[in-house]
Amino acid sequence: SQWGEENLQALSIQEGEDVTMNCSYKTYTTVVQWYRQKSGKGPALIILIRSNEREKRSGRLRATLDTSSQSSSLSITGTLATDTAVYFCATEAGGNYKPTFGKGTSLVVHP
Amino acid sequence: GALVYQYPRRTICKSGTSMRMECQAVGFQATSVAWYRQSPQKTFELIALSTVNSAIKYEQNFTQEKFPISHPNLSFSSMTVLNAYLEDRGLYLCGARGPGHNTEVFFGKGTRLTVV
């Protein structure tokens, strides 16, 4: 999972498989945002889950949030080669206004 | 829709020289602008956060003397890397958001800085 001083994580799977990425955070946050960064581009928000939500779905994406363990997960079902990217989670304390990013998970989906 | 443009997209500068990069928000009021640096195989390091009508807040290891930032209005911000060295290379990202709590941050595509 992401966070701390660990290096960028890497996952390599076949198209059609499901995948789950995890993120742990250190301080209270009112929201966890998941970003996808494709090669050569800036990060783009793909799903946002607030502290009063346990689960959020958007198409093939599913995010969960466990505030007691301070962790979040992002699942992608039926992956496509176009899902290949680096995925980052970002948190921010309420009113802090500064998203802080995890180390990221590199996902490669082979066609 | 809301977009953020950054320019230049790529730049090369000689060691010891300075380089200015710009960030333009379109379609929303950028009340808050955060500048990040992404080094190879690394995540985004927050350099500083600029909020309209507030002082610019720099993170540890980053200073105004090295990374002066300007945020003169609700659509524009710039940052200069002064006296750039090899360790300053990377992708510099501008993330801007509008007013309100927990609103989405819109990112530009970044300015890739190479120092030679």
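Data block above holds the structure.
Residues numbered from 1 in each chain as written. Chains lettered and ligands numbered in written order. Predicted model: local features only at pLDDT ≥ 70, side-chain atom pairs only at ≥ 80, totals over all residues. Heavy atoms only, no water.

All names here are of chain A. Counted under the stated rule, the structure contains two disulfides over all chains. Residue Cys23 pairs covalently with Cys89 via a disulfide, S to S 1.9 Å. In this structure the cystine formed by Cys23 and Cys89 twists about its S-S bond by roughly 75°; its chirality is therefore right-handed. Taken together, the residues span a long stretch of sequence, with Cys23 in strand E2 (residues 19-24) and Cys89 in strand E8 (residues 85-92) at a distance of 66 residues. Residue class for Cys23 comes out buried when judged on its relative accessible area of 0%. (Disulfide = S-S within 2.5 Å. Helix = DSSP H or I, 4+ residues; strand = E, 2+ residues; numbered from the N terminus. Buried < 20%, exposed > 50% of the residue type's maximum accessible area, 1.4 Å probe, protein only.)

Tallying each qualifying case throughout the model produces nine salt bridges over all chains. A salt bridge links Asp83(A) to Arg60(A); its shortest N-O distance comes to 2.9 Å. Of this pair, Asp83(A) sits in the loop between strand E7 (71-76) and E8 while Arg60(A) sits in the loop between strand E5 (55-58) and strand E6 (61-66); the two residues are 23 residues apart in sequence, bridging distant segments of the chain. Residue class for Asp83(A) comes out buried when judged on its relative accessible area of 3%. Residue classification places Arg60(A) among the partly exposed residues on the basis of a relative accessible area of 32%. A salt bridge links Glu45(B) to Arg37(B), with the nearest nitrogen and oxygen atoms 3.6 Å apart. Overall, Glu45(B) belongs to the partly exposed group, its relative accessible area being 32%. Residues joined by salt bridges that share partners form a network here, namely Arg37(B), Glu45(B), Lys66(B) and Asp88(B). (Salt bridge = Lys/Arg side-chain N within 4 Å of Asp/Glu carboxyl O.)

So, about the packing of aromatic side chains. Within a pair of aromatic rings, the relevant descriptors are the distance that separates the centres and the angle that separates the planes. Residues and elements named next belong to chain A. Under the definition given, this model contains 12 aromatic pairs over all chains. With a centroid separation of 6.3 Å and 90° between ring planes, the pair formed by Phe88 and Phe101 is classed as edge-to-face. Of this pair, Phe88 sits in strand E8 while Phe101 sits in strand E9 (residues 100-101), and the two are 13 residues apart along the sequence. Residue class for Phe88 comes out buried when judged on its relative accessible area of 1%. (Phe/Tyr/Trp six-rings, centres within 6.5 Å; stacked < 30°, edge-to-face > 60°.)

All names here are of chain A. Read across the sheet, four strands follow the order E2-E7-E6-E5 without closing on themselves; strand pairing throughout is antiparallel. Looking at strand neighbours, the two that pair on one side only are E2 and E5, the edges of this open sheet. Adjacent strand axes in the sheet meet at a mean angle of 15° when their direction is disregarded. With six bridges joining them, E2 and E7 adopt antiparallel strand pairing. The residue of E7 that forms the bridge with Cys23 is Ser72. (Pairing = 2+ DSSP bridges. Axes fitted to C-alpha atoms, helices over the stretch in contact; angles between N-to-C directions.)

Attention now moves to a positive patch on the surface. Taken together, Lys38(A), Lys41(A), Arg9(B), Arg10(B), Lys109(B) and Arg112(B) make up a surface patch of like positive charges. Here Arg10(B) lies in strand E2 (residues 10-13). For Arg10(B), a relative accessible area of 63% puts it in the exposed group. (Patch = residues over 30% accessible without salt bridge, like charges linked within 9 Å, V, L, I, M, F, W, Y side chains within 5 Å. Areas by Shrake-Rupley, 256 points an atom, 1.4 Å probe, with all protein chains shown as cover. Lys, Arg positive; Asp, Glu negative; His and termini not counted. Charge placed at Lys NZ, Arg CZ, Asp CG, Glu CD.)

Across the boundary between the two partners, chain A contributes 23 residues, which contact 22 residues of chain B. Carbon and sulfur atoms supply 53% of the area that chain A and chain B bury against each other, a total of about 1900 Å² over both sides. Counting across the chain A and chain B interface gives zero salt bridges. Here the side of chain A that touches chain B takes four residues from strand E3 (residues 31-37) of chain A, the largest share from any one element. A per-class count over the side of chain A that touches chain B returns 10 nonpolar, eight polar and five charged. (Contact = heavy atoms within 4.5 Å. Buried area = accessible area lost by both parts, 1.4 Å probe. Nonpolar A, V, L, I, M, F, W, Y, C, P; charged D, E, K, R; others polar.)

With respect to the helices and strands, the residue Glu65(B) is situated in the loop between strand E6 (57-58) and strand E7 (69-73). In this structure, the C-alpha to C-alpha distance between Glu65(B) and Asn83(B), residues 18 residues apart in sequence, is 10.0 Å.

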